[in-house]
Amino acid sequence: MEEPRRTHSSKEKKIKRKEVLEKKRAIDEVIKTAYAEKDHLSSFPPFRRYDRNGLSVYLESGLGEKLSSSMKRYIQNLLKVNMEGPYGPEWPTEEKVKRKEMVSPDARYIIVREAPDAKVDDISKAEREMCSTCWMGDGDPVVGFVHYRFIVEEDTPVVYIYELQLESCVRGRGLGKFLMQLIELIARKNRVGAVMLTVQKANVSAMNFYRSKLRYVISTISPSRVDPLIGAEKNYEILCKTFDREAKAKLEDCQL
């Protein structure tokens, strides 16, 4: 009687192992296919330009390993201006991490540039003086960027937004929401289960933007949900928006 049971158990293990391997291959293929596309903007022509609320900008794709020296300096400067406050004493260490992340072969970018035919009053002289970082490279002035990647969280392929940074002079005009809509479209087209990002608790305006305006929720993998005691010690939350039932069960856990 024992032998058939062992055989049955062995078959079940083999079937289970095969299912796990097949799922892993499917996930790897999703990530591989997403990275094979070098210009994710090409699928969404209407999102190449933003002309609203007195702002005229256009978008272009970029790769972390091919950023120009001037673009690297710009990204570093804008990150410092925008994030040194929210990170506080942690910034010097975090800045070093971000410099390495910036040029990773996996890093994908959406660069935001001021349109050459923008009206003089689109970004007024006074507003431009408010801009904390001045573009010193070639081409039209850069006024922001998104750094994103395709990764796996909880056995779910996702788009993870590493950075969404805008100059102060272009905020409050709907551009941030426009960029997030684009990222969500890119995520859906590439068949990933969610868009995820990390927000510093001290960055109240960013937290309100993602949670209230865009309806992102605190993910099950965020420290505060993994363990409230540990979460209380951490200075950040991980937010997400899921696109299918499986991703929702793993990353949102039916959170209200």
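Residues numbered from 1 in each chain as written. Predicted model: local features only at pLDDT ≥ 70, side-chain atom pairs only at ≥ 80, totals over all residues. Heavy atoms only, no water.

An unreviewed UniProt entry lists the protein under the name N-alpha-acetyltransferase 40, with Acorus calamus given as the organism. For the record of the protein, the UniProt heading Sequence similarities (unreviewed entry) holds the text "Belongs to the acetyltransferase family. NAA40 subfamily." (UniProt positions renumbered as here; feature names shortened; annotations may be inferred.)

A.B. asks: Give me the lowdown on the environment of V170, citing residues and values where you can.
C.D. replies: Along the chain, the position of V170 falls in the loop between β5 (156-166) and α5 (175-189). Among the residues examined, V170 registers a relative accessible area of 0% and is labelled buried. When the C-alpha positions of V170 and G54 are compared, they lie 9.6 Å apart, and in sequence the two are 116 residues distant. (Helix = DSSP H or I, 4+ residues; strand = E, 2+ residues; numbered from the N terminus. Buried < 20%, exposed > 50% of the residue type's maximum accessible area, 1.4 Å probe, protein only.)

A.B. asks: Let's hear about the environment of A107: which residues, and what values?
C.D. replies: Position of A107 relative to the elements: it lies in the loop between α3 (91-102) and β3 (108-114). Placed 41 residues apart in sequence, A107 and Y148 show a C-alpha to C-alpha distance of 6.1 Å. Setting aside its immediate chain neighbours within four residues, A107 contacts G62, L63, G64, E101, M102, H147, Y148 and R149. (Contact = heavy atoms within 4.5 Å.)

A.B. asks: Could you give an account of unusual backbone geometry, naming the residues involved and the relevant values?
C.D. replies: Phi is positive for N53, which is not a glycine, with a value near 50 degrees. Note on N53: relative accessible area 56%, which makes it exposed. Even without a glycine there, the phi angle at R215 is positive, about 65 degrees. Inspection of the secondary structure assignment puts R215 in the loop between α6 (204-213) and β7 (217-218).

A.B. asks: So what about the sheet that holds strand β2 (residues 55-63)? Which residues, and what values?
C.D. replies: Hydrogen bonds between backbone atoms are what pair the strands of a sheet, whose relative direction is either parallel or antiparallel. Spatial ordering of the open sheet is given by β1-β2-β3-β4-β5-β6-β8-β7, a layout of 8 strands whose pairing is mixed. Each edge of the sheet is formed by a strand with only one pairing partner; in this case those strands are β1 (49-52) and β7. Sheet analysis places strand β4 (residues 142-153) next to β5, joined by 10 bridges and oriented antiparallel. Bridge pairing in β5 links E153 to T156. (Pairing = 2+ DSSP bridges.)

A.B. asks: Report on the packing of aromatic side chains, specifying residues and quantitative values.
C.D. replies: The final tally for this structure, using the stated rule, is 10 aromatic pairs. Consider the rings of Y35 and F150, whose centres lie 5.4 Å apart with planes at 85 degrees: the pair is edge-to-face. Of the two residues, Y35 is situated in helix α1 (residues 2-36) and F150 in strand β4; the sequence distance between them amounts to 115 residues. Here Y35 matches F150 in class, with each residue buried. Through a chain of ring-to-ring contacts, three or more aromatic side chains come together here, namely Y35, Y148 and F150. One residue, R149, lies across the ring of Y162, its end atom 4.2 Å from the ring centre. (Phe/Tyr/Trp six-rings, centres within 6.5 Å; stacked < 30°, edge-to-face > 60°. Lys NZ or Arg CZ within 6 Å of the ring centre and 35° of its normal.)

A.B. asks: Outline a positive patch on the surface, supporting the account with residue identities and numerical values.
C.D. replies: A cluster of like positive charges, contributed by K11, K13, K14 and R17, occupies part of the molecular surface. Within the fold, R17 resides in helix α1. (Patch = residues over 30% accessible without salt bridge, like charges linked within 9 Å, V, L, I, M, F, W, Y side chains within 5 Å. Areas by Shrake-Rupley, 256 points an atom, 1.4 Å probe, with all protein chains shown as cover. Salt bridge = Lys/Arg side-chain N within 4 Å of Asp/Glu carboxyl O. Lys, Arg positive; Asp, Glu negative; His and termini not counted. Charge placed at Lys NZ, Arg CZ, Asp CG, Glu CD.)

A.B. asks: Let's hear about the packing of helix α2 (residues 69-87) against α3: which residues, and what values?
C.D. replies: Their axes nearest at 10 Å, the elements α2 and α3 cross at an angle of 145 degrees. Crossing handedness for the pair α2 and α3: right-handed. From α2, K72, I75, Q76, L79, K80, M83, E84 and Y87 reach across to α3, where they touch W91, E94, E95, K98, R99 and M102. (Axes fitted to C-alpha atoms, helices over the stretch in contact; angles between N-to-C directions. Left-handed = near helix turned anticlockwise from the far one by under 90°.)

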